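# Reading the structure
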Amino acid sequence: MAQQGTLLVTGGAGYIGSHTVARLRAAGEKVVVLDNLVFGHREALPDPEVVFVEGDLADAALVDRLFFEHRPEAVLHFAAYAYVGESVTDPLKYYRNNLAAPLVLLEAMQRHGCRRFIFSSTCATYGDPVRVPMDETHPQAPVNPYGASKWMLERVLADCGRAWDLRSVWLRYFNASGCDPEGRIGEDHDPETHLIPRILMAAKGEIDKVTVFGTDYPTPDGTCIRDYIHVCDLASAHGRALDYLRAGGATTAVNLGTGRGFSVREILQTAEQVTGRSIPVEYGPRRAGDPSELICDPTRAREVLGWEAEYKEPRSHIDSAWRWMTGPRGGRY
Ligand code: UDP
């Protein structure tokens, strides 16, 4: 990573944001984090060199001041709400936070001449797969307001690119998982809904059991298949996206996944091996809106960003998450 100006990281105290900040700092980058700490944790930014600003993305005066003071050369935008179910019952919350609030940020970028933007998008912008693995040309037909809010911001970014030379990379994450292998930072969501942490919470006895959502999917073992991408691989992809924009790269969408899918049952078996514990499981009905199979085609990430996942086996994701959950903080900040 060529070292240049300051980077503004919104949502940098969150799960993926904080792992990316650690990576950027290891590469010697100057980082300013803006986070309202609704879901983020101040402790997820232990590096004293990171400038932390507690505040909201939608606070135009604050955002303007940040641009005046720090003159960021690029923005990495992680701040967003990400509970799919909640987005269905409270869509306006999602459109306000994930779509309207970033407009304030983009207006400040336009005013201050900042032209590089890395966006945390999602495979949820594709909706139900019409083919797997999914590449970036897969039709985008999101099936919930969360996916729709991210897809709409991609459209906004494309239009800003045409109007005032904003260049952006839309990183469409598949299933983020795992933690810093050293156990310094990790995943701490409240409520926690994701499969791997739920399984490990059951292994620890923090919850009675984990429920498997559906065993009648058209997959070899009847449970859903997902492409689990390690958070440290996501972090390194952000570094590559930054290099790409600094080198003059044009606006593009890039999928981030391993290209391999694993079923819920496979993840459970691996978690039992990693933890050495038997995990209490209940088999329940399908969760609304879950497609049977989501697998990334990571070809463009390799070709355009020179990036490839290093942690290809879910064992390494589960192992690092277990270390975090059984470490000094016990999985909580
Ligand atoms: N899942 C499950 N039980 C849980 C949480 C998730 O069976 O308690 C399944 C879910 O149906 C999906 C996969 O695990 O097939 C991954 O779900 P997660 O919520 O982690 O991520 P998503 O795919 O929704 O982004």
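Our subject is the structure listed above.
In this report, we go over the structure that sits alongside the text. (Residues numbered from 1 in each chain as written. Predicted model: local features only at pLDDT ≥ 70, side-chain atom pairs only at ≥ 80, totals over all residues. Heavy atoms only, no water.)

This brings us to helix H2 (residues 60-70). Along H2, the residues that are buried comprise Leu62, Val63, Asp64, Leu66 and Phe67. Buried residues in H2 make contact with strand E1 (6-10), strand E2 (30-35), strand E3 (51-54), strand E4 (74-77) and helix H4 (91-112). (Buried < 20%, exposed > 50% of the residue type's maximum accessible area, 1.4 Å probe, protein only. Helix = DSSP H or I, 4+ residues; strand = E, 2+ residues; numbered from the N terminus. Contact = heavy atoms within 4.5 Å.)

On to the pattern of salt bridges. Taken as a whole and assessed by the stated rule, the structure comprises 20 salt bridges. A salt bridge links Glu29 to Arg246, with the shortest nitrogen-to-oxygen separation between them at 2.9 Å. Of this pair, Glu29 sits in the loop between helix H1 (15-26) and E2 while Arg246 sits in helix H7 (residues 231-246); the two residues are 217 residues apart in sequence, bridging distant segments of the chain. Summarising the burial analysis for this pair, Glu29 and Arg246 share the class buried. (Salt bridge = Lys/Arg side-chain N within 4 Å of Asp/Glu carboxyl O.)

Before going further, it helps to examine the packing of aromatic side chains. Per the stated rule, a full pass over the model turns up five aromatic pairs. Arranged with centres 5.2 Å apart and planes meeting at 85 degrees, the rings of Phe39 and Tyr81 form a pair that is edge-to-face. One end of the pair, Phe39, is in the loop between E2 and E3; the other, Tyr81, is in the loop between E4 and helix H3 (84-89), and 42 residues separate them in sequence. Residue Phe39 is classed as partly exposed on the basis of its relative accessible area, which comes to 29%. Given the relative accessible area of 13%, Tyr81 is considered buried. Here the aromatic rings of Phe39 and Tyr83 are separated by 5.7 Å at their centres, their planes lie at 65 degrees, and the arrangement is edge-to-face. With Phe39 in the loop between E2 and E3 and Tyr83 in the loop between E4 and H3, this pair connects stretches of sequence that are 44 residues apart. Overall, the relative accessible area of 12% leaves Tyr83 in the buried class. Taken together, Phe39, Tyr81, Tyr83 and Tyr94 form an aromatic cluster joined through their ring pairs. (Phe/Tyr/Trp six-rings, centres within 6.5 Å; stacked < 30°, edge-to-face > 60°.)

This paragraph deals with the nonpolar core. Within the largest apolar cluster, 34 residues are counted, with the highest numbers of intra-cluster contacts made by Val9, Val33, Leu171, Leu256 and Trp307. For this core, the secondary structure elements donating two or more residues are E1, H1, E2, E4, strand E6 (167-173), H7, strand E11 (252-256) and helix H9 (299-305). At eight residues, H7 tops the list of elements feeding residues into this core. Look past the residues within four positions of Leu171 in its chain and what remains in contact with it is Ile118, Phe119, Ser120, Ser121, Thr122, His238, Ala241, Val254, Leu256 and Leu305. (Core = buried A, V, L, I, M, F, W, Y, C linked by side-chain atoms within 4.5 Å.)

Contact geometry of H1 with H7 gives a least axis separation of 8 Å together with a crossing angle of 60 degrees. Considering their axes alone, H1 and H7 lie oblique with respect to each other. Handedness of the H1/H7 crossing: right-handed. Only Val231, Cys232, Leu234, Ala235, Ser236, His238 and Leu242 of H7 make contact with H1, whose side of the interface consists of Tyr15, Ile16, His19, Thr20, Arg23 and Leu24. (Axes fitted to C-alpha atoms, helices over the stretch in contact; angles between N-to-C directions. Parallel < 35°, antiparallel > 145°, perpendicular 65-115°, else oblique. Left-handed = near helix turned anticlockwise from the far one by under 90°.)

Here Arg246 falls in the buried class, since its relative accessible area comes to 12%. There is a polar contact of 2.9 Å between the side chain of Arg246 and the side chain of Glu29. (Polar contact = N/O pair within 3.5 Å; in protein donor to acceptor, adjacent residues only side chain to side chain.)

Right, let's talk about the sheet that holds E2 for a bit. Pairing between the strands of a sheet is mediated by backbone hydrogen bonds and can be parallel or antiparallel. Spatially, seven strands are ordered E3-E2-E1-E4-E5-E6-E11 in an open sheet, and the strand pairing comes out parallel. Edge positions in the sheet fall to E3 and E11, since each has one partner strand and no second. Strand after strand, the sheet turns through a mean of 20 degrees between neighbouring axes, direction not considered. Two strands pair when backbone bridges link them, and E1 and E4 are joined in this way by four bridges, in the parallel orientation. Counted as the bridge partner of Leu8 is Val75 from E4. Relative to the sheet, H1 contacts E1, E2, E4 and E6, its axis offset from that of E2 by approximately 165 degrees. Docked against the sheet, H7 engages E1, E4, strand E5 (116-122), E6 and E11, running at close to 160 degrees with respect to E6. (Pairing = 2+ DSSP bridges.)

Distances and angles like these do not, on their own, reveal function.
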